[in-house]
Structures are given as C-alpha cells and as structure tokens.
Amino acid sequence: MTADSPQQPPLVGMISLGCAKNLVDAEIMLGSARSQGFEITADPSVADVLVVNTCGFIDSAKQESIDAILEAHRQRSEGLKPDARIVVSGCLSQRYSTELVAELPEVDAFIGLDQVAEAGPIFRKVLDAPRAGVLDLVTAKSRYIPDFATPRFRLTPGHSAYVKIAEGCNHPCSFCVIPQMRGRHRSRPVDSIVREIRSLVAEGVKEINLISQDTTYYGMDLWESKPGPRQPVDSSRGTSLVHLLDEIAGIGGEFWVRLLYTHPAHWSDELIAAIARNPHVARYVDMPLQHIHPEMLRLMRRETSREHIEDLIARLRRGIPGLGLRTTFIVGFPGETEEHFESLLAFIEATRFERLGVFNYSQEDGSRAAKMDNQVPARIKNRRHRQAMALQQKIALETARASIGQTLRVLVESPTSGRTAHDAPDVDGKVFLTTPATPGSFAHVHISGARTYDLVGSVV
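Keep in mind that what you see is a predicted model, and the values were worked out from it rather than measured. In this numbering scheme, every chain counts its residues from 1 along its sequence in written order. Reporting in this predicted model follows two pLDDT cut-offs: at least 70 for local features of residues, and 80 or more for side-chain atom pairs to be given and counted; totals over whole chains, interfaces and linings ignore these cut-offs and use all residues. Side-chain numbers come from the whole structure's heavy atoms, not from hydrogens or water.

Peer 1: Report on the pairing of strand β12 (residues 281–286), specifying residues and quantitative values.
Peer 2: Most of β12 sits inside the fold, with 5 of its 6 residues counted as buried. Should DSSP find at least two bridges between two strands, the strands are regarded as paired. Starting at the N terminus, helices and strands are each numbered in turn, a helix being any DSSP run of H or I of at least four residues and a strand any DSSP run of E of at least two. Across 2 bridges, the pairing between strand β11 (residues 256–259) and β12 is parallel. From the neighbouring strand, Leu-259 faces β12, where its bridge partner is Val-285. Handedness of a crossover is defined as follows: orient the strands so they point away from the viewer, and if the path from the first strand over the helix to the second runs clockwise, the crossover is right-handed. Taking the sense of rotation as the criterion, the β-α-β connection linking β11, helix α9 (residues 269–277) and β12 turns out right-handed. Examined bridge by bridge, β12 and strand β13 (residues 324–331) share 3 bridges and lie parallel to one another. Bridge pairing links Tyr-284 to Gly-324 in β13. Only protein chains enter the accessibility calculation, which uses a 1.4 Å probe; a residue is then buried when its area is under 20% of its type maximum, exposed when over 50%, and partly exposed in between.

Peer 1: How would you explain the side chain of Asp-25 if you had to name every residue and give the values?
Peer 2: Looking at where Asp-25 falls in the secondary structure, it is placed in helix α1 (residues 20–35). Residue class for Asp-25 comes out buried when judged on its relative accessible area of 3%. Only 2.8 Å separates the side chain of Asp-25 from the side chain of Lys-164, close enough to count as a polar contact. Non-local contacts of Asp-25, meaning those with residues more than four positions away in its chain, are made with Asn-53, Leu-113, Val-116, Lys-164, Glu-167 and Arg-182. A 3.5 Å cut-off defines polar contacts: any pair of N or O atoms within that distance qualifies, except that in protein one atom must be a possible hydrogen donor and the other a possible acceptor, and neighbouring residues in sequence count only when both atoms are side-chain atoms. Pairs of residues are marked as contacts when any of their non-hydrogen atoms sit within 4.5 Å.

Peer 1: Tell me what's going on with helix α13 (residues 378–401), and back it up with residues and numbers.
Peer 2: The end-to-end C-alpha separation of α13 is 34 Å, in line with the 34 Å expected for 24 residues at 1.5 Å each. Listing the buried residues of α13 in full gives Ile-380, Lys-381, Arg-384, Ala-388, Met-389, Leu-391, Gln-392, Ile-395, Ala-396 and Ala-400. Multiplying 1.5 Å by the residue count of a helix minus one yields the expected span of that helix.

Peer 1: Give me the lowdown on the environment of Glu-27, citing residues and values where you can.
Peer 2: One can find Glu-27 in helix α1. With 124 residues separating them along the chain, Glu-27 and Pro-151 place their C-alpha atoms 8.3 Å apart. Ignoring any residue separated from it by four or fewer positions in sequence, one finds Glu-27 in contact with Pro-151, Arg-152, Phe-153, Arg-154, Leu-155 and Thr-156.

Peer 1: Would you mind going over the sheet that holds strand β3 (residues 49–54) in detail, with residue names and values included?
Peer 2: One open sheet accounts for 6 strands, arranged β2-β1-β3-β4-β5-β6; its pairing is parallel. With one partner strand each, in any of the chains shown, β2 (39–41) and β6 (135–136) form the two edges of the open sheet. Bridge count between strand β1 (residues 11–16) and β3: 5 bridges; the pairing is parallel. In the strand pairing of β3, Val-12 is matched with Val-49. The sheet contacts of helix α2 (residues 59–78) involve β3 and β4 (85–90), and relative to β3 the element is tilted by about 170°. Packing against the sheet, helix α4 (residues 119–128) makes contact with β1, β3, β4, β5 (109–110) and β6, and its axis sits at approximately 150° to β4. Comment: axis = line fitted to C-alpha atoms, over the contacting stretch for helices; angle = value between 0 and 180 degrees taken between N-to-C directions.

Peer 1: Which residues make up the state of the cysteines, and what values go with them?
Peer 2: By convention in this document, the label disulfide applies to cysteine sulfur atom pairs within 2.5 Å. Across all of its chains, the model carries 0 disulfides by this definition. For Cys-169, which is in no disulfide, the shortest distance to another cysteine sulfur is to Cys-176 and amounts to 6.4 Å. Relative accessible area serves as the criterion here: at 12%, Cys-169 is assigned to the buried category. With no disulfide of its own, Cys-173 lies closest to Cys-176 among cysteine sulfurs, the gap being 6.2 Å. For Cys-173, a relative accessible area of 11% corresponds to the buried category.

Peer 1: So, the pairing of β13: which residues are in play, and what are the values?
Peer 2: Burial analysis of β13 places 8 of its 8 residues in the buried class, the great majority of the element. With burial as the criterion, each face of β13 is covered, one bearing Gly-324, Arg-326, Thr-328 and Ile-330 and the other bearing Leu-325, Thr-327, Phe-329 and Val-331. The parallel pair β13 and strand β14 (residues 355–360) is bridged by helix α12 (residues 338–351), and the resulting crossover is right-handed.

Peer 1: If you had to explain the confidence of the model for the protein chain to someone new, which residues and values would you point to?
Peer 2: Averaged over all residues, the pLDDT of the protein chain is 92; the fraction at 70 or higher stands at 95%. Along the chain, pLDDT gives the predictor's confidence residue by residue, from 0 to 100. Here residues 225–239 is a poorly scored stretch, pLDDT under 50, and it has 18 contacts once near neighbours within four places are set aside; other chains count.

Peer 1: So what's going on with the packing of α1 against α4? Residues and values would help.
Peer 2: The contact between α1 and α4 brings their axes to 6 Å, and the two run at 65°. Residues Met-29, Ser-32 and Ala-33 of α1 touch α4, and the partners they reach there are Ala-119, Gly-120, Pro-121 and Phe-123. Each residue is assigned to one class: nonpolar for Ala, Val, Leu, Ile, Met, Phe, Trp, Tyr, Cys and Pro, charged for Asp, Glu, Lys and Arg, and polar for all the others, Gly among them. Its residues assigned to classes, the contact of α1 with α4 comprises 5 nonpolar, 2 polar and no charged.

Peer 1: Residue-level account of the nonpolar core, with values.
Peer 2: A general feature of soluble globular proteins is that nonpolar side chains tend to end up buried together. We call a set of buried residues a nonpolar core when its members are Ala, Val, Leu, Ile, Met, Phe, Trp, Tyr or Cys and they connect through side-chain atoms within 4.5 Å of each other. Ranked by size, the top nonpolar core spans 54 residues in total, and within it Ile-197, Leu-210 and Trp-267 carry the most contacts. Counting 33 residues, the second largest nonpolar core, distinct from the first, contains Leu-23, Ala-33, Ile-122 and Tyr-162.

Peer 1: With reference to specific residues and values, describe the side chain of Thr-41.
Peer 2: As for its position among the elements, Thr-41 is in strand β2. For Thr-41, a relative accessible area of 15% corresponds to the buried category. Sequence-distant contacts of Thr-41, defined by excluding residues within four places in its chain, comprise Leu-11, Val-12, Gly-13, Met-14, Val-46 and Ala-47.

Peer 1: Describe in detail the pattern of salt bridges, supporting the description with residues and values.
Peer 2: Any carboxyl oxygen of Asp or Glu that lies within 4 Å of a side-chain nitrogen of Lys or Arg is treated as forming a salt bridge with it. Tallying each qualifying case throughout the model produces 35 salt bridges. Taking the shortest distance from any N to any O, the salt bridge between Arg-152 and Glu-27 comes out at 2.7 Å. With Arg-152 in the loop between β6 and β7 (160–164) and Glu-27 in helix α1, this pair connects stretches of sequence that are 125 residues apart. Residue class for Glu-27 comes out buried when judged on its relative accessible area of 1%. Residues Glu-196 and Arg-188 are paired through a salt bridge, measuring 2.7 Å at the closest nitrogen-oxygen approach. The residues Glu-196 and Arg-188 share a single accessibility class, namely buried. Where salt bridges share partners, they join Glu-207, Arg-258, Glu-413, Arg-419 and Lys-430 into one cluster.

Peer 1: Describe the sheet that holds strand β16 (residues 417–420), with residues and values.
Peer 2: If you walk around this closed barrel you meet the 5 strands as β15-β16-β17-β19-β18, and the pairing is mixed. Neighbour-to-neighbour, the strand axes of the sheet open up by a mean angle of 50°, direction not taken into account. Sheet analysis places strand β17 (residues 431–433) next to strand β19 (residues 455–459), joined by 3 bridges and oriented parallel. Each residue of the ladder has a partner; that of Leu-433, found in β19, is Gly-457.

Dropping the structure here:
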C-alpha cells in the first residue's frame, strides 16, 4: 500500500518557528494540505512531507531555522519514512532561497510567502515526483494576503486564535529587513476579517489576537489606492482601524480582542476612544518603541520623537482606564553610548510599563544599521540587557503586588492557570489558580499572591 493510497492518506508535519505572523502562515499551509487530502501529524518521524517554517528576523532565529532543517533531515534519515520530503518555507526561505538551494541539498523544495495558500498542491507535486535536485518556488516580491475563504488548520489552543489583518510593512526602520522579506503593507478588507472573527467566536474561541507588522497602519493602503482625492470619514490617522474595531463591536458573544504590534506613529484620539468604548477590546496595547533617546530614534529611523511618544503614552493611559501597556526596546544599537542607555533606563523607571521586553541589537545583512559605524561590542550589549531587565523585573514585581486583593477577569488556559487581559499568549505572565477552573472559559479570580511576572489567586 503506497503512502498516498486512499486507504492511507499522506501525512504532513509542521515545524513552525518565529512569530505569530509566521504561525498563521503555517496554519494556512496546513489548511491547504488538508484540502488536498493530506492528514496532519504532530510526529515528524512519520510525516511523508515535513515542513520547516522558518524565521529570518535576527541571527539567532536564522541559526535556529538552519538547525531545524538539519534536524528534520536527521529524523528523516533515522525515522520511519526515509523517502519523506522536506519543504522549507517562511521568511528565511523567502529571503535566502537562492543561496540555500546550494547550501542545503537535503531540502526537496523551498517555497515563499506567496505560496502558502497553494502549499497543498505543491506538497502533492513534491511527494509524487522522484527526487531530482532542490525545487525553488520562491517568487521575488511577496504580494499575498489571506482572506476569509483561505482554509486554515489552527495550531493554537481552542480558546485563542491569531487573525492576520494585514501583511508587509512600509516603515523604514534601519535595523529591520522585514519589508524586504514580506513586501509593502497590504490590508485585508474589513468584511473578510469580521467574518473570520465571527466564525471563530461561533467555534468557541474566547481570545482574538489581531496581528500584522503594524496593526495601526491597517487600512491606510486601501484608502491610498483609491482614485481621486481622499475623503475619509475622519481625517485622523488610524481611522481605518477604528472602523474595524467598531465592526467587531457588533459581534455577539463573550470574547476579547487584543491589539498586537502597533506603531507609535499611527495612533489617534479616535482610535483610543474606539478601544475605550468597545467592551470586546482588551485593555492591552502592544507598542514596540525600540528606544527613547532622540539620537537613537533618528538613527533607527523610527519616525517619531521622544515628545510624541511621551505625549502618546499619557493620552493612552488617560483615555483607556485600566490599560496594560507592553513595549520592547533594543539595546546596543550602533552608536548607543552610556548616556543614551542611561536615558533609556530613566525612561523605563519613570514610565513603568506594565509589560516590557528587551532585545540585544542584531546586525542584519541588508539593513542600513548593519553598515553603520560604532557597532557596540557583544559584552556591552549583554551588560545593558541585564541592567534593563533587572530594572523591569523590579517594576514588574511591584506592579504584580499591586494586584493583590483585586478580583480580575481571567481567561482559563488549563485547570490551574490562565491569563488576564494584560497578558498576551507566549510573551507575558500567567495567573496560577489555587482552585481548578474549566479551560477555555472566563473566570473571576481573587488575587492572593504575586511573583515577578505572575499572579496567584482563587476562582470566586
């Protein structure tokens, strides 16, 4: 009996690395595979087609992706399916497929971001054809954007889902090569997104995480592409996202919507008000700032000033009661002095972000920053990272202790843990439950204890 006989459908396995945006691509590829008669397996050793969905954002992610490809080859060689096919997808494939074809003959095919919705037919082609060299199907410039009709096989828990509202990025940040990999910003139609959310809520999903490279830029490209003069309903920036949130407000059911990956350049008072008036929107804003010193913001090409950022944070906290604000910073950017770094520490101390992450600068080939003078040594980057995180750990513990005695709404993920509205999946803390609760439900939890990033409480 052959692998692709009707009695035994071929199996496809997936190793997905990197961010949530990459995870959605993985779900689309698996959805396409199922539509072509494949079955999904979590065991790479039995897969007829093993997909490695790579990340190419920073050096450590690239190395992790290469290691995963080589590990997939090892598992194929030593596993139950020595004739299995290895397909590499994702950002690393999109950016470096030409070079990788020569360097990784273990791979059977490379596909890019434009091929994710056609992954099923491609897997069939690769599986049915005899092995004869590496197939490179990556197109030069990515233009694909998913819609509601695109099949999906969700890889997240049943209570939580990611919804990609746009693809690509128009920002010129000097440290980043995402626009080179994922192309220019392109938004999905509002109706497509609302239909997807409505369908997910009907399935019992309680948490919708809206994602793109820049969620606050959503819809601006659609308006810019229309002929004639612009005549938006409201001339403020961010209006299109306002319209999307207002449409989501009309969806019935018990769920919350979380805004991830916003940019400080595209916020408006109208958007702040839309979040405040919509009970479905979690009081949580993820807004990577990267730095605060004016010279660093200029060199990073962040398109915002320190004054703009400080004013925006004040408006956000004033306009959205109970807001949890998450940000990320980069330390060790080329030219960062001790003065620049101390300015960042003082800003973190004064602003007291509810959630915060710190990354060491990574010198990315093809980025403007990679060619800059005054690259910071690794030992200095590491020391600054430790200092910034030590400061934030102190703030995080103080913030967590301030919750003791409160009763918070928690999305239960397991019988003994859940997350508050201030905690996004995978990156933020948890609430550990001293009394069991039903996974996939909301519960009100009385907080009795605090750890650095986590809380402890009992269901009331």
